[in-house]
Every structure is written in structure tokens, then in C-alpha cells.
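# Secondary and tertiary structure notes
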Amino acid sequence: MDEAMQACPCSDKYSAQEVIPTIHELPDIRNEVLQLYNTRLKNSIKEGEEKLRLMQRSSFHLGIHQQPTLQFADSMLWGLINHQRLTRVMKDATDIVNLLLNFLETAFADIIEGHQELEAFIIKYKDCVVDSDMAASMQQTLQRTFEYLNDFESRITWNHVPLKLRLHLQHEYTAHIPKLFTSLIIKGPVIFDRSALCVTSNIVHLHWEVAGQQSEVPDEEFEIWVKSLDTDEEFRQSTCQSYNIQIDDLLPDTQYRFSVKRADDTGLLCGQWTDNIVLKTDISK
């Protein structure tokens, strides 16, 4: 009875038979729930939501690689590919991307559901309305949520390295023909750096970055689109190989929509994200 009282200060409202089975059968369930809820789960949901959003906005490309010991020029490489098989490989790779994204979305939804169930359990425990069946159910929820977290976190990191695919582009392979390998390359979305924007009455200086990319990649090309929202001016489109651009000859006191995306679509399977921002130029002095 003393043990039950220590575990549940308000246990005088309920019989000892309602609390003691929980204490004796699952003595650490409350501490396990609190540990997961207050540390890893809380942090993982916030970080996981951001990572999932970035993955959903990433672009997915089919990479084609040769054996390191046999390197052919790109023009000759394309001649070695069976293009009917390439079409099938790209479809299969796209299906893999869709399966990956669907898995991540479902796993994250399951993590959220587990979080809500554990949160409800903590509240009920404080109110001393926990019985052995509820505690046993929470232990199962705890285990499932751990598994969802591990699966989600292991797959969400695939964007850091190419994912090898068991998809073949050739009917045959001999010593005279280099064997080709395929991989799924995941590139982070191109996003405007809102903190580095500069606006005057007729000039806007734009900066952007690639999410998850530690440094700027030389010669990577981007498309920039400009559209006035206050006039009938046509779209203006330009490309550049830097991570910033200055847009001149804008009208004062006018709203413009600016868009940026990665220009290279080589082997693109799906997911070419376009980031947009609306800015208003200053009033001319």
C-alpha cells in the first residue's frame, strides 16, 4: 500500500487493486514514457518535420556511373545504354522515390500519433486513472514509436549520399564494354535566403542556397524568373552560375514575384522545387 501511495499520491480516490498491478507488472513504464516524450521524441518531431518538408521539396535524379577502372567519354557512354531499358529504369526509379516519400510521410504520421498517445497517458497517470491494461498498451505504443523513429531517421538521411539501385541499363556486359551502375541522387531544394535580400526603388539583389549543402557548388546553374504583379509586364527569365543575382530596371513601388530553381534537369525523375518570394520595390525619391 505504501508503494502504491508513493507512485500515485491521490490513490485514495481509487482502490489499491487498480494501481498495484501497474506498479508491479510495469514499474518503469511511466519513467520510460517521460524519458522518450521529454527528450528524443520532442526533439525528433520538430527536426523530423523540417527534414520531411525538405525531402518533399528535393529533386530526385537518376545517376549513371562507370567502373572506376574503365572511364569513357559521356558521348560514348550514351551509346552503350539501351534506351528502351533506360525508360523502364527511370520509371522504376520514380516508383522507388514515390515509395520512399510515402513511407516517410506515413512513418512521421505514426510518430505524431504515438506522441499524442504518450502525452495522453502522462496526463492520465497524473490524474491516477491508469490501470494495468492501459500501462501494457502504452508499453506497446512506446516500442512501436521507437521503431517508427528509428526507421524514419535511417531513411531520411539518404539524401546525404547516393542510393545504389539494382537497376541495369544494358542487356549484356563483356570485358570490352564498361558495366554501368545506377544510383538515386537526392538534391536539396533551392531556397531564397530571405535574410540577405536587398531592395531599392528599381533594383532587387537576390541570394539563395541549396538546403543541406555545406558549400556552394561551382558551375551549378539556376533559373530566375521575375513577374510584376501590378502591371502587365511579361515574365523575365535568366540563368546564372552563382548563388546571387541583381535584377535591374524595376519599377518603383511595385510588387514583383521572384522565383528560383535548379536549371540542371539531367536524369531528373521528379520533384524540381521552385521557391517563390514576393517583394515590393521602394517608392522613388
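Residues numbered from 1 in each chain as written. Predicted model: local features only at pLDDT ≥ 70, side-chain atom pairs only at ≥ 80, totals over all residues. Heavy atoms only, no water.

### Re the overall build of the protein chain
Looking only at helices and strands, one finds six helices and twelve strands in the protein chain. Going through the 285 residues of the protein chain one by one, you find that 35% of them count as buried. Taking as baseline every contact in the protein chain between residues at least 6 positions apart, the subset at least 24 positions apart corresponds to 70%. Approximately 16900 Å² of the protein chain is accessible, and the part contributed by carbon and sulfur atoms is 50%. (Helix = DSSP H or I, 4+ residues; strand = E, 2+ residues; numbered from the N terminus. Buried < 20%, exposed > 50% of the residue type's maximum accessible area, 1.4 Å probe, protein only. Contact = heavy atoms within 4.5 Å. Areas by Shrake-Rupley, 256 points an atom, 1.4 Å probe, with all protein chains shown as cover.)

### A short note on the pattern of salt bridges
Counted by the stated rule, this structure contains nine salt bridges. The partner of Arg-53 in a salt bridge is Glu-50, and the shortest N-O contact between them spans 2.2 Å. Of the two residues, Arg-53 and Glu-50 are both situated in helix H3 (residues 29-57); the distance of three residues between them amounts to about one turn of the helix. Here Arg-53 falls in the partly exposed class, since its relative accessible area comes to 31%. By relative accessible area, Glu-50 is classed as partly exposed at 35%. (Salt bridge = Lys/Arg side-chain N within 4 Å of Asp/Glu carboxyl O.)

### Topic: the packing of aromatic side chains
Taken as a whole and assessed by the stated rule, the structure comprises five aromatic pairs. Measuring from centroid to centroid gives 5.7 Å for Trp-208 and Phe-222, while their planes differ by 65°, and the two rings are edge-to-face. Here the residue Trp-208 occupies a position in strand E6 (residues 204-210), and Phe-222 occupies one in strand E7 (residues 222-228), the gap between them amounting to 14 residues. Residue Trp-208 shares its accessibility class with Phe-222, and that shared class is buried. (Phe/Tyr/Trp six-rings, centres within 6.5 Å; stacked < 30°, edge-to-face > 60°.)

### Side note on the packing of helix H5 (residues 83-126) against helix H6 (residues 132-156)
The geometry of H5 relative to H6 is characterised by a closest axis approach of 9 Å and an angle of 150° between their N-to-C directions. In this structure, the crossing between H5 and H6 has a hand that is left-handed. Tallied by class, residues from the contact of H5 with H6 come to 16 nonpolar, three polar and six charged. (Axes fitted to C-alpha atoms, helices over the stretch in contact; angles between N-to-C directions. Left-handed = near helix turned anticlockwise from the far one by under 90°. Nonpolar A, V, L, I, M, F, W, Y, C, P; charged D, E, K, R; others polar.)

### Some details on the sheet that holds strand E10 (residues 255-262)
If you trace the four strands from one edge of the open sheet to the other, you get E8-E7-E10-E12, paired in antiparallel fashion. Each having just a single partner strand, strand E8 (236-240) and strand E12 (275-280) make up the two edges of the open sheet. Here the average twist between neighbouring strands, direction ignored, is 20°. Both E10 and E12 contribute to a ladder of six bridges, which runs antiparallel. Bridging from a neighbouring strand, Arg-257 pairs with Val-278 of E12. (Pairing = 2+ DSSP bridges.)

### Observations regarding unusual backbone geometry
Phi at Asp-249 is positive, roughly 60°, even though this residue is not glycine. Here Asp-249 is to be found in the loop between strand E9 (244-247) and E10. If you check the backbone angles, Asp-253 has positive phi at about 50° while not being a glycine. Since its relative accessible area comes to 38%, Asp-253 is described here as partly exposed.

### A word on the confidence of the model for the protein chain
Looking at the protein chain as a whole, the pLDDT averages 79, with 77% of positions reaching at least 70. Scored below 50 in pLDDT, residues 1-27 makes 33 contacts in the model with residues more than four places away or belonging to other chains. (pLDDT = per-residue confidence, 0-100.)

### Observations regarding the pairing of E6
Only one face of E6 is covered, namely the one carrying Val-204, Leu-206, Trp-208 and Val-210; the face carrying His-205, His-207 and Glu-209 has none of its residues buried. Strand direction decides the pairing type here: strand E4 (residues 190-192) and E6, joined by three bridges, are antiparallel. Within the sheet, the bridge partner assigned to Val-190 lies in E6 and is Val-210. Of the strand pairs in this sheet, E6 and E9 are connected by four bridges, and their pairing is antiparallel. Bridged to His-205 within E9 is Gln-246.

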